[in-house]
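One-letter residues, chain by chain:
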Amino acid sequence: MSEHIRTELADGVLTVTLNRPDKKNALTQAMYTGLAEAAERARTDDAVRVLLFRAEGDSFCAGNDIQDFISLGSQTQTPSDLPVFRFLKSLADLDKPAVAAARGRAVGVGMTMLLNCDLVVLAEDALLSVPFVNLAIAPEAASSLLLPAVIGHQRAFEMLAFGEAVDGRTALAWGMANRAVPADQVDATAADLAAQVAARAPNSIRKTKRLMRDAEALWGLMQREGEAFVSQMKSPEAMEAFMAFTQKRAPDFSKVG
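This is a predicted model, so every value here is computed, not measured.

What to know about the sheet that holds strand β8 (residues 166-167)
(1) Moving on: If you trace the three strands from one edge of the open sheet to the other, you get β5-β7-β8, paired in mixed fashion. Strand pairing shows two members of the sheet lacking a second neighbour, β5 (105-107) and β8, which therefore form its edges.
(2) Moving on: When strand β7 (residues 127-129) meets β8, the two strands line up antiparallel, connected through two bridges. Bridging from a neighbouring strand, L127 pairs with D167 of β8.

Here we look at the packing of helix α1 (residues 29-44) against helix α3 (residues 83-93)
In a packed pair of helices, the relevant descriptors are the angle between the two axes and the axis-to-axis distance.
(1) Moving on: Remark: α1 packs on α3, axes separated minimally by 8 Å, with the N-to-C direction vectors making an angle of 25°. Viewed along their axes, α1 and α3 adopt a mutual orientation that is roughly parallel. Crossing geometry of α1 relative to α3 is assigned as left-handed. Touching Q29, Y32, T33, L35, A36, E37, A39, E40 and R43 of α1 are P83, V84, R86, F87, S90 and D93, all from α3.
(2) Moving on: For the contact of α1 with α3, the class distribution of residues is seven nonpolar, three polar and five charged.

Points about the pairing of strand β4 (residues 98-102)
(1) Moving on: Of all the five residues making up β4, five are buried; the element is thus mostly covered by neighbouring parts of the structure.
(2) Moving on: Across the two faces of β4 the burial is the same, with A98, A100 and A102 and V99 and A101 all buried.
(3) Moving on: Of the pairings in the sheet, the one linking strand β3 (residues 50-55) to β4 comprises three bridges and is parallel in character. Across the sheet, residue F53 finds its bridge partner in β4, namely A100.
(4) Moving on: As paired strands, β4 and strand β6 (residues 119-123) are joined by four bridges and run parallel to one another.

Concerning the environment of V99
(1) Moving on: By the element assignment, V99 lies in strand β4.
(2) Moving on: Counting along the chain gives 114 residues from V99 to R213, while the straight-line C-alpha distance between them is 15 Å.
(3) Moving on: Non-local contacts of V99, meaning those with residues more than four positions away in its chain, are made with V50, L51, L52, F53, C117, L119, A190 and A194.

Thresholds, definitions, all that
- Residues numbered from 1 in each chain as written.
- Predicted model: local features only at pLDDT ≥ 70, side-chain atom pairs only at ≥ 80, totals over all residues.
- Heavy atoms only, no water.
- Pairing = 2+ DSSP bridges.
- Helix = DSSP H or I, 4+ residues; strand = E, 2+ residues; numbered from the N terminus.
- Axes fitted to C-alpha atoms, helices over the stretch in contact; angles between N-to-C directions.
- Parallel < 35°, antiparallel > 145°, perpendicular 65-115°, else oblique.
- Left-handed = near helix turned anticlockwise from the far one by under 90°.
- Contact = heavy atoms within 4.5 Å.
- Nonpolar A, V, L, I, M, F, W, Y, C, P; charged D, E, K, R; others polar.
- Buried < 20%, exposed > 50% of the residue type's maximum accessible area, 1.4 Å probe, protein only.

The structure is reproduced here in structure tokens:
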């Protein structure tokens, strides 16, 4: 387990904490491995009835650690070789309820994780964004299906194409969350919902979730997204976007095809 992923099991709730607050909980491949291990444990351990994602610090997750991410672009791994895709598969396979508590920024995979959860509590002033196109890459975590299914094609396309953030109140109104509360109430509200779900009939809950989600179809889409994602990571467009990001300037795509 990564030092930046902390887990605790109590009363049927496995709480998974992103614990890299100095980096806004940006995810490294080691952290993805830790998240995958936690989600796999939640699926197979009968003592776990609910999985709860939360984070230390003022942001839920800033997405991928950019240096870790850029280094992947020079590798020849296929999507299935990467820890991030082990984590995504664990989300697709999870047939127990997943609850998320998010305040501050939820960027990229930090937001698409929420789309894969069953109950989501946001801070009213949380900021959710999916800036994949801004980095010249592609959607992931089945977000190309789940986001338009939740908020509609036009809103989803705008979020994906422009990468602009929506706040917690807007996300609630659009159906992306169950609750939007003051930031200091996020953890307690999510923990209360997790406890309520954990008290329900566990087999009934699992069968209900299985009927609501086609795990095989979600994983198939995640794999197709992964192929597009990895292909784009190695593209001239992405190299220009990454360079612009590190140089703190706007990317210039006029000379890349």
